[in-house]
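Coordinate analysis (summary)
Listed below are the residues making up each chain.
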Amino acid sequence: MSVARPILFYQLSLTSFQFPRAMLGVLFPYLVTVYLAESPERVSYAMTASMLPNLFVLLFAGAVADRLNKRKLLVLLHIANAVPVIALTVLLHLGFVGFEGLILFALLFGTTLAFVQPTLDGMLNHISSMHIGRSVTLSVGMLYLVTLAGFALASSVEWVGVAPLLAISSTLFLVGITTSLRLPDTPTLAAKERPSILSEIREGLALVLSSKTLRLPVFLMSSAGLILGGPYAVLVPLMLRDTYHAAGFDFALAFAVFMVGGACSSGMLLKLRAIRNPVPLLIAGYSMGGFALLFWSMSPPYWAFLGSIFFWGIGGGICLNTSRTILQEQAPSTHKSRVLSVMYLGDEGGAPIGSLVTGALITTLSLSSASAIPGTMVLFISLLLLLALSAQRNEAKATQDTGRL
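Computed from a predicted structure; not experimentally measured. (Residues numbered from 1 in each chain as written. Predicted model: local features only at pLDDT ≥ 70, side-chain atom pairs only at ≥ 80, totals over all residues. Heavy atoms only, no water.)

**A few points about the overall build of the protein**
We apply this condition: Each helix is a run of H or I in the DSSP string that is no shorter than four residues. Each strand is a run of E no shorter than two, and both are numbered from the N terminus. Whether a residue is buried, partly exposed or exposed follows from its accessible area with a 1.4 Å probe, protein chains only, as a fraction of its type maximum: under 20%, in between, or over 50%, in that order. Only heavy atoms enter the contact rule, under which two residues are in contact if any of them lie within 4.5 Å.
Scanning the protein from N- to C-terminus turns up 16 helices and zero strands. When burial is assessed residue by residue, the protein has 56% of its 405 residues classed as buried. Restricting the contact set of the protein to residue pairs at least 6 apart, pairs at least 24 apart contribute 87%.

What follows is the structure, given as structure tokens:
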């Protein structure tokens, strides 16, 4: 198999996961906020349920991806992700879907989905023929573009209907089986050589905690999940419904604008040479979400709200690219999926807690307060990190000057 073909089939496999996932990223909040017209508190419960499996599954998923043949695992994941979507499609067509049914779907689908990214990341490192930083940026850029396409199709929900779009998404999951089958096999640990899953998870956690290089991106992404991801998941659909009285197309447009921002930042990073110190860039991208949240607390006009989502998307793309690049470059090849799964656990695992807290803030205070409080926290953390980096540089410079004397 030529060098280019594994990358091609990898991107196609990524597409067959991400396209339907993007569609469901619009359809699920639409079902909760518009189709069922639930209260802010119940919307926060539903969004929490969609992210909750990450808290319990991601570390296990990383360990499984490191020990098994990733090609075969990706094939199984295509099937496993399609099954709950097919079930929801049938129930919706029969008119049997209520709030409890959507919670169950979110838990099942979130569980199967949690295995996908650690497995894809491990496969990328196995087949990449270029500098891993460029490979990561290309895959992230592709992820954003595919997500945009999924949002565009999901935006037709009010004309096409939810059930037909769900049927399309489940079909796309199944189509991806053919592309994953064309990927190369990866090494598999023999059963007698495998330590316990728990010991492998402990190894991944210990490696992250003991490494100065790995700790910071994991901390920042964990903070982003809790203080940025959770509020984003709850505030965007509620502001669209209650502040801007938006329709289904507006839901897709708002989520798509975020992805456009991420795609733009990925494109800009591809044009740059390798960055010697990506940490300040990572902090800058992180802080952009805080500025957006503070802006939302002022109830901006609709066009400015979309502009701030685009601005946040640029920061999100910077964070995702730089954090994944640092971890891919610094983690040992035998631990990459586990190390990346620790980062994903912090990012996506903190989001359910952030969603619940956001729902409580909206219920007890207001939408504006639920935006302003996490926004202020993000900027405060960014300022502390920048001051710490500045002090570290000054200390290193003083040490060098002392050595010259």
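The structure having been displayed, the exposition proceeds.
**A few points about a nonpolar patch on the surface**
Quick note on the threshold: Residues form patches when they are more than 30% accessible in relative terms and have no salt bridge. Like charges link within 9 Å. Nonpolar side chains (Val, Leu, Ile, Met, Phe, Trp, Tyr) link within 5 Å. Where accessible areas are quoted, they stem from the Shrake-Rupley method and a 1.4 Å probe; at the residue level, only the protein chains shown are allowed to cover. Any carboxyl oxygen of Asp or Glu within 4 Å of a side-chain nitrogen of Lys or Arg constitutes a salt bridge here.
Together, L76, I79, V83, I86, V90, L91, L94, F96 and L174 give the surface a local cluster of nonpolar side chains, amounting to about 820 Å² of exposed area. Here the nonpolar patch gets seven residues from one element, more than from any other, and that element is helix 4 (residues 70-94). Along the chain, V90 falls in helix 4.

**Topic: the pattern of salt bridges**
Applying the stated criterion to the full structure yields two salt bridges. Here E38 ties to R42 by a salt bridge, and the two come within 2.6 Å at their closest N and O atoms. According to the relative accessible area criterion, E38 is buried, its value standing at 12%. Between D242 and R241 there is a salt bridge; the shortest N-O distance is 2.8 Å.

**Section: unusual backbone geometry**
Despite not being glycine, A37 has its phi angle at roughly 50 degrees, a positive value. As for its position among the elements, A37 is in the loop between helix 1 (4-35) and helix 2 (40-51). Its relative accessible area of 53% is what places A37 among the exposed residues. Phi is positive for S299, which is not a glycine, with a value near 50 degrees. Within the secondary structure layout, S299 lies in the loop between helix 13 (279-296) and helix 14 (302-330). In this structure S299 comes out as partly exposed when scored by relative accessible area, which is 44%.

**Some points on the environment of L124**
Inspection of the secondary structure puts L124 in helix 6 (residues 116-127). Residue class for L124 comes out buried when judged on its relative accessible area of 2%. For the pair L124 and S139, spaced 15 residues apart in sequence, the C-alpha separation works out to 8.6 Å.

**Concerning the packing of helix 4 against helix 5 (residues 99-113)**
Inclusion rule: To obtain an axis, a line is fitted to C-alpha atoms, over the contacting stretch when the element is a helix, and the angle between two such axes runs from 0 to 180 degrees between their N-to-C directions. These descriptions rest on fixed angle ranges, namely under 35 degrees for roughly parallel, over 145 for roughly antiparallel, 65 to 115 for roughly perpendicular, and the rest for oblique. Any residue outside Ala, Val, Leu, Ile, Met, Phe, Trp, Tyr, Cys, Pro, Asp, Glu, Lys and Arg is labelled polar, Gly included; the first ten of those are nonpolar and the last four are charged.
Axis separation between helix 4 and helix 5 bottoms out at 9 Å; the angle between their running directions is 170 degrees. With respect to helix 5, the element helix 4 is oriented roughly antiparallel. On helix 5, the residues that touch L77, A80, N81, P84, V85 and L88 of helix 4 are L102, F105, L108, F109, T112 and L113. Residues of the contact of helix 4 with helix 5, tallied by class, amount to ten nonpolar, two polar and no charged.

**As for empty space enclosed by the protein**
The criterion, for reference: A pocket here means an open set of points on a 1 Å grid, computed over the protein atoms alone, that has protein on both sides within 12 Å along at least five of seven lines. A cavity is instead a set of points where a 1.4 Å probe fits but cannot get out; residues with an atom within 4 Å of a point line either one. Grid points are joined across faces, edges and corners, and a volume is the space filled by probe spheres set on the points.
On inspection of all chains with the given rule, the structure shows two cavities of 30 Å³ or more. One number sums up the size of the second largest cavity: a volume of about 40 Å³. Surrounding the second largest cavity, L14, F17, Q18, R21, L113, V116, Q117, L120 and L143 form its lining. Counting only elements with at least two residues in the lining of the second largest cavity, the list comes to helix 1 and helix 6. For the lining of the second largest cavity, the element with the highest residue contribution is helix 1, accounting for four residues. A breakdown of the residues in the lining of the second largest cavity according to their chemical character gives six nonpolar, two polar and one charged.

**Brief notes about the confidence of the model for the protein**
Threshold: pLDDT is defined as a per-residue confidence score from the predictor, taking values between 0 and 100.
Mean pLDDT over the protein: 81, with 84% of residues reaching 70 or higher. The spread of mean pLDDT over the elements of the protein runs between helix 10 (residues 197-210), the lowest at 70, and helix 9 (residues 162-181), the highest at 92.

**Considerations on the packing of aromatic side chains**
Let me state the cut-off plainly: Stacked, tilted and edge-to-face are the three classes assigned to paired rings of Phe, Tyr and Trp, where Trp is represented by its six-membered ring and a pair needs centres within 6.5 Å; plane angles under 30 degrees give stacked, over 60 edge-to-face, the rest tilted.
All chains considered together, the criterion is met by 14 aromatic pairs. Here Y232 and W296 contribute two aromatic rings whose centre-to-centre distance is 6.4 Å and whose plane-to-plane angle is 35 degrees, an arrangement assigned as tilted. One end of the pair, Y232, is in helix 11 (residues 212-243); the other, W296, is in helix 13, with 64 residues separating them in the sequence. For Y232, a relative accessible area of 13% puts it in the buried group. Plain terms: the ring middles of Y232 and W312 are 5.1 Å apart, the flat faces sit at 80 degrees to each other, and that makes the pair edge-to-face. One end of the pair, Y232, is in helix 11; the other, W312, is in helix 14, with 80 residues separating them in the sequence. Within the aromatic cluster, the residues linked to one another by ring pairs are F151, Y232, Y244, F255, F258, W296, Y302, F305 and W312.

**Considering the packing of helix 2 against helix 5**
Taken N-terminus to C-terminus, the directions of helix 2 and helix 5 make an angle of 25 degrees; their axes are 7 Å apart at the nearest point. Relative to helix 5, helix 2 is oriented roughly parallel. The segment helix 2 lies against helix 5, with R42, Y45, A46, A49 and S50 engaging F99, E100, I103, A106, L107 and G110. Residue composition of the contact of helix 2 with helix 5, grouped by class: seven nonpolar, two polar and two charged.

**Structural notes on helix 3 (residues 53-67)**
Inclusion rule: How far a helix is expected to stretch is found by multiplying one less than its residue total by 1.5 Å.
Spanning 15 residues, helix 3 covers 21 Å between terminal C-alpha atoms, matching the ideal 21 Å at 1.5 Å per step. Judged by how many residues are buried, helix 3 sits mostly within the fold: twelve of 15 residues are covered. If you check which residues of helix 3 are buried, you get P53, N54, V57, L58, L59, A61, G62, A63, V64, A65, D66 and R67.

**So, the nonpolar core**
Definition in use: To form a nonpolar core, buried Ala, Val, Leu, Ile, Met, Phe, Trp, Tyr and Cys residues must be joined to one another through side-chain atoms within 4.5 Å.
One finds Y286 and W296 to be the most contacted residues of the largest nonpolar core, which totals 112 residues. Considering each element in turn, this core owes the most residues, 15 residues, to helix 11. Among all residues touching W296, those that are not within four sequence positions of it are Y232, L235, V236, M239, F305, S308, I309, W312 and S371.

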